[in-house]
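# Chains, contacts and geometry: an overview
Now for the letters of each chain:
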Amino acid sequence: MGTFKALLLVTVHSFLFCLISMLPIQGTLTITPNQHIKGNETLLSAGGNFEAGFFNFGDSQRQYFGIWYKRMLPRTVVWIANRNFPVKNSTAILTLTDQGNPVIIDGSRGIVWSSNASRIAKKPNMQLLDSGNLVVKDGENLLWESFDYPGDTFLAGMQFRTSLVTGPYRFLTSWKNAEDPAAGEFSYHIDAHGFPQLVTTKGATWYSRGGSWNGQFFNGISWLRMLKLFKFSFVVTDKEVTYQYETLKDETVSRLVLNSLGFVQRLIWSDRKRGWEIISTRPMDQCGYYAYCDVNSVCNVTNSPKICECLEGFIPKFQEKWNSYDWSGGCVRRVNLSCDGGDGFQKYMGVAGHIFFMV
């Protein structure tokens, strides 16, 4: 009889242990395999800077798992796992597999999203760091991190990466619109052709650019305030180019966002205003759009409405269009180069990146 009671107690204890391990978690700091997040349950960063969980954009039948600032209202989402695959008409669950792979499962137990982490862990756990980075670790070994998969927001500590062989592979992609976080038509990345520079593209077409890196910052952007708030790092190796930033003060909360209209905006949280302050926007005006005046020309927004003018020695290719402020076609040489030794270079100052051209 005593043996039966002992076995019964062990069985009940084991059952309760398994039951507890499967319980949902509320505002936790770490999750392990067999634990999950659903509904209003959230994962918190240790310092309370960020929170992760399920949310929607007013349509409860389309659920997303994302990361947002914990203390700031209205909710500001900085990353979404299943941005292209919302959980529809079902209860969503995020869990961690025994191998350390974060997955989102719908009500029919179908996998809606997976990190596809390839490394196998022994004792994996998932944490949300105070940087906003969602990570999976096996002891001290990092298996996977959300910072490797940016959405439309660039946070301190994230990196842009561009391979010198295959091109950009870590960059921002805009949302389709304010209520649809699926990948939109704009991207923001490092272009490594010639002097590396940050560019916005619309599909395969250049949309705007921020100038080339000069050792401290990118030409063509007002950086006076930036350099008081941030430390920028731009590294070029024989294989790739990387770019990132850090805040100089812990109390500075900032993010860089590529919005659905193709604008790149730097925002800083203002405690006094209890809201986000936009401190820079690219493109800032018409001259910020790539090749707005087309070739062999200079754009000067202070000369509005005639903001485009040809370089010295050039004339509009289509004069009638230019007379009606249609700058297509740009400018062509007034006289072709003679190449007999009488040609030389002329320098233009006061433009985004000084221009040298043959005259």
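Reading guide: rules and limits
Residues numbered from 1 in each chain as written. Predicted model: local features only at pLDDT ≥ 70, side-chain atom pairs only at ≥ 80, totals over all residues. Heavy atoms only, no water. UniProt positions renumbered as here; feature names shortened; annotations may be inferred. Helix = DSSP H or I, 4+ residues; strand = E, 2+ residues; numbered from the N terminus. Buried < 20%, exposed > 50% of the residue type's maximum accessible area, 1.4 Å probe, protein only. Contact = heavy atoms within 4.5 Å. Areas by Shrake-Rupley, 256 points an atom, 1.4 Å probe, with all protein chains shown as cover. Pairing = 2+ DSSP bridges. Phe/Tyr/Trp six-rings, centres within 6.5 Å; stacked < 30°, edge-to-face > 60°. Core = buried A, V, L, I, M, F, W, Y, C linked by side-chain atoms within 4.5 Å. Disulfide = S-S within 2.5 Å. Polar contact = N/O pair within 3.5 Å; in protein donor to acceptor, adjacent residues only side chain to side chain. Salt bridge = Lys/Arg side-chain N within 4 Å of Asp/Glu carboxyl O.

The name recorded for the protein chain in an unreviewed UniProt entry is non-specific serine/threonine protein kinase, from Canavalia gladiata. Per its UniProt entry, the protein chain bears the Subcellular location (unreviewed entry) comment "Cell membrane".

This part takes up the overall build of the protein chain. Along the protein chain, the regular secondary structure elements total three helices and 31 strands. Counting only residues that meet the buried cut, the protein chain has 44% of its 359 residues in that class. At a minimum sequence separation of 6, the contacts of the protein chain that also span at least 24 residues come to 38%. Looking at the protein chain as shown, the accessible area adds up to about 19,900 Å², and 54% of this sits on carbon and sulfur atoms.

Quick look at unusual backbone geometry now. Note the cis peptide between Leu-73 and Pro-74, where omega equals -5 degrees. Of note, the phi angle at Arg-274 is positive, near 55 degrees, even though the residue is not glycine. Its location among the elements puts Arg-274 in the loop between strand S24 (264-270) and strand S25 (275-282). Positive phi values are uncommon outside glycine, yet Asn-296 reaches one of about 55 degrees. Mapped onto the secondary structure, Asn-296 falls in the loop between S25 and strand S26 (297-299).

Hydrogen bonds between backbone atoms are what pair the strands of a sheet, whose relative direction is either parallel or antiparallel. Spatially, four strands are ordered S1-S11-S12-S13 in an open sheet, and the strand pairing comes out antiparallel. A strand with exactly one partner marks an edge of an open sheet, and here the two such strands are strand S1 (30-31) and strand S13 (141-145).

Taking burial as the measure, the seven residues of S24 include seven buried ones, the bulk of the element. Side-chain alternation along S24 places Val-264, Arg-266, Ile-268 and Ser-270 on one buried face and Gln-265, Leu-267 and Trp-269 on a second face that is also buried. Linking strand S23 (residues 254-258) back to S24 in an antiparallel pair, the connection comprises five residues, with Gly-262 at a positive phi of about 95 degrees. Sheet analysis places S24 next to S25, joined by seven bridges and oriented antiparallel. Counterpart to Ser-270 in the pairing with S25 is Gly-275. Connecting S24 to the next strand, S25, in antiparallel fashion are four residues, including Arg-274 with a positive phi near 55 degrees.

Tallied over the full model, the rule gives 28 aromatic pairs. When the ring of Phe-55 is compared with that of Tyr-64, the centres are 6.1 Å apart and the planes differ by 35 degrees; the resulting orientation is tilted. Take Tyr-64: its relative accessible area is 2%, and that puts it in the buried class. Between Phe-160 and Tyr-188, the aromatic rings sit 5.7 Å apart at their centres with planes inclined by 80 degrees, giving edge-to-face as the arrangement.

All right, on to the nonpolar core then. Phe-65, Leu-134 and Tyr-243 are the most contacted members of the largest nonpolar core, which totals 53 residues. In contact with Phe-65, other than residues within four places in its own chain, are Ile-37, Ala-52, Gly-53, Phe-54, Phe-55, Trp-79, Ile-80, Ala-81, Asn-82, Leu-94, Ile-104 and Leu-134.

The term disulfide refers to a covalent linkage connecting the sulfur atoms of a pair of cysteines. Scanning all chains against the criterion turns up three disulfides. The disulfide that involves Cys-293 links it to Cys-308, with 1.8 Å between the sulfurs. As the torsion about the S-S bond is roughly -75 degrees, the Cys-293-Cys-308 disulfide counts as left-handed. Separated by 15 residues along the polypeptide, Cys-293 in the loop between S25 and S26 and Cys-308 in strand S27 (residues 308-310) bring together distant segments of the chain. Taking relative accessible area as the criterion, Cys-293 reaches 4% and is therefore assigned buried. Each bonded cysteine of the protein chain is numbered by sequence order, and under that numbering the disulfide pairs are 1-3, 2-4, 5-6.

Taken in spatial order, the four strands of this open sheet run S14-S23-S24-S25, and their pairing is antiparallel. Each edge of the sheet is formed by a strand with only one pairing partner; in this case those strands are strand S14 (153-154) and S25. Here five bridges tie S23 to S24, and the two strands are oriented antiparallel to one another. Paired with Arg-255 across the bridge in S24 is Leu-267.

Our next topic: the pairing of strand S10 (residues 111-114). The pairing of strand S9 (residues 102-105) with S10 spans three bridges and is classified as antiparallel. Within the sheet, the bridge partner assigned to Ile-105 lies in S10 and is Ile-111. If you look at the hairpin formed by S9 and S10, you'll find five residues sitting between the two strands, and Arg-109 has a positive phi there, around 70 degrees.

Now for the environment of Asn-101. Turning to its location among the elements, Asn-101 is positioned in the loop between strand S8 (93-96) and S9. Using a relative accessible area of 14% as the deciding quantity, one classes Asn-101 as buried. Taking the C-alpha atoms as reference, Asn-101 lies 8.9 Å from Ala-121; in sequence the two are 20 residues apart. Excluding residues within four positions of it along the chain, Asn-101 makes contact with Thr-95, Leu-96, Ser-114, Ser-115, Asn-116 and Ala-117. Polar contacts involving the side chain of Asn-101 include one to the side chain of Ser-114, which spans 2.8 Å. Polar side-chain contacts of Asn-101 include one of 2.3 Å to the side chain of Ser-115.

Before going further, it helps to spend a moment on the pattern of salt bridges. Inspection of the entire model under this criterion finds four salt bridges. The partner of Arg-161 in a salt bridge is Glu-240, and the shortest N-O contact between them spans 2.2 Å. Pair noted here: Arg-161 is in strand S15 (residues 160-163) and Glu-240 is in strand S22 (residues 240-247), with a separation of 79 residues, a long-range link. For the pair formed by Arg-161 and Glu-240, the shared burial category is buried. Among the ionic pairs, Asp-271 bridges to Arg-274, the shortest N-O distance being 3.4 Å.

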